[in-house]
Amino acid sequence: VGDFIYYQGIASQITACMITVIYYLGRIKDGNARIINFLNFMDTKSRLREMGNLEVPNRAFEIEFQNVHFRYDENREEILKGVSFIIHAGEKVALVGKNGEGKSTIIKLLLRLYEPTQGRILIDGIDIRKYNLKMLRRSFSVMMQDFCNYAFTLRECVALSDCSSVNNTDRIIKALEEVGAADFVNKFKNGIETYMTRIYEEEGEELSGGQWQKVALSRAFFQNGSVYIFDEPSANLDYA
């Protein structure tokens, strides 16, 4: 009986050690794959060319799509086929369609995250490629449907769209009020200095999906661009 228990204990220890070794080898392999993907991403060269130096008007402007075609890959079907429309300055326009029909793609093309396969996009009658790329993107206050949540303070989460104004408390509070976030922010012990999530701070606040969406909306309002673009901005919000 004693020998049986002795050898059984040895076998159990060996098995436990083997499981631990296999587990950590898996973790190392997974981490290595993530690092390789990150390094490959950082080494990727943008195919967009900075071709223009015109200043984007610091006001509402006209946007026009002229026969725009686009596909993400040469081997895929076109997402957009001959899209043409005009949005006049000051207009409020809603694009409605089924999932996957290119609504978000239109936004990405307008921000020059991608180039059209065919056709042109104009701002006040001028091809957007003739505008300074950084100024072009700064002209739009955008909230994408796949917005990110950050484990920063609420102040920092809102000011990410304009980091130079992170200390402008009045602007941050105004942006939160404009999207109706003040109702839950006022309940935070540390106000806008409260950490979002408990990843780095035990007293941080865990937000619901709708609350996170309001924070993302406030980030767009804080940027205060000439044109506001919201991609499914109420997907997680309550009806009330």
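All values derive from a computational prediction rather than experimental measurement.

Let's talk about the sheet that holds strand E4 (residues 126-127)
- One open sheet holds the four strands; their spatial order is E2-E1-E3-E4, and the pairing between them is antiparallel. Of all the strands in the sheet, the pair left with one neighbour each is strand E2 (80-87) and E4.
- Pairing analysis gives two bridges linking strand E3 (residues 118-123) to E4, with the strands arranged antiparallel. Counted as the bridge partner of isoleucine 123 is isoleucine 126 from E4.
- Across the sheet, helix H2 (residues 103-110) is in contact with strand E1 (63-70), E2 and E3; its angle to E1 comes to roughly 115°.

Re the pattern of salt bridges
- Throughout the structure, instances matching the rule amount to seven salt bridges.
- With a shortest N-O distance of 2.9 Å, arginine 129 and aspartate 127 are connected by a salt bridge.
- Under the relative-accessibility criterion, arginine 129 is labelled partly exposed at 30%.
- Arginine 171 is the salt-bridge partner of aspartate 162, the closest N and O atoms lying 3.3 Å from each other.

Details of the environment of tyrosine 23
- Summarising the element assignment, tyrosine 23 is placed in helix H1 (residues 2-43).
- Sequence-wise, tyrosine 23 and glutamate 64 are 41 residues apart; in three dimensions their C-alpha atoms are separated by 55 Å.

Concerning H2
- The buried fraction of H2 is high, at seven of eight residues.
- By the burial criterion, the buried members of H2 are Lys103, Ser104, Thr105, Ile106, Ile107, Leu109 and Leu110.
- As for H2, its buried residues are in contact with E1, E2, E3, helix H3 (133-138), strand E5 (140-143) and strand E6 (227-230).
- Just beyond H2, the residue with positive phi is arginine 112, at close to 60°.

Side note on the packing of aromatic side chains
- Scanning all chains against the criterion turns up twelve aromatic pairs.
- Ring centres 5.3 Å apart and planes at 35° place the aromatic pair phenylalanine 221 and tyrosine 228 in the tilted group.
- Note on phenylalanine 221: relative accessible area 26%, which makes it partly exposed.
- In this structure an aromatic cluster arises from ring pairing among Phe70, Tyr72 and Tyr114.
- The ring centre of phenylalanine 222 lies 4.1 Å from the NZ or CZ of arginine 171, which sits over that ring.

Observations concerning the state of the cysteines
- Under the defined criterion, the tally for this structure stands at zero disulfides.
- With no disulfide of its own, cysteine 148 lies closest to cysteine 157 among cysteine sulfurs, the gap being 11 Å.
- Note on cysteine 148: relative accessible area 43%, which makes it partly exposed.

Focus on the packing of helix H5 (residues 169-178) against helix H7 (residues 209-223)
- At a closest axis distance of 8 Å, the pairing of H5 and H7 adopts a crossing angle of 125°. It follows from the interaxial angle that H5 and H7 lie oblique. Crossing hand, H5 versus H7: right-handed. In this structure, H5 contributes Arg171, Ile172, Ala175, Leu176 and Glu178 to the contact, and H7 contributes Ser218, Phe221, Phe222 and Gln223.

Observations concerning unusual backbone geometry
- We note that arginine 112 has phi near 60°; this positive angle belongs to a residue other than glycine.
- Structurally, arginine 112 can be placed in the loop between H2 and E3.

The rules behind the values
Residues numbered from 1 in each chain as written. Predicted model: local features only at pLDDT ≥ 70, side-chain atom pairs only at ≥ 80, totals over all residues. Heavy atoms only, no water. Pairing = 2+ DSSP bridges. Helix = DSSP H or I, 4+ residues; strand = E, 2+ residues; numbered from the N terminus. Contact = heavy atoms within 4.5 Å. Axes fitted to C-alpha atoms, helices over the stretch in contact; angles between N-to-C directions. Salt bridge = Lys/Arg side-chain N within 4 Å of Asp/Glu carboxyl O. Buried < 20%, exposed > 50% of the residue type's maximum accessible area, 1.4 Å probe, protein only. Phe/Tyr/Trp six-rings, centres within 6.5 Å; stacked < 30°, edge-to-face > 60°. Lys NZ or Arg CZ within 6 Å of the ring centre and 35° of its normal. Disulfide = S-S within 2.5 Å. Parallel < 35°, antiparallel > 145°, perpendicular 65-115°, else oblique. Left-handed = near helix turned anticlockwise from the far one by under 90°.

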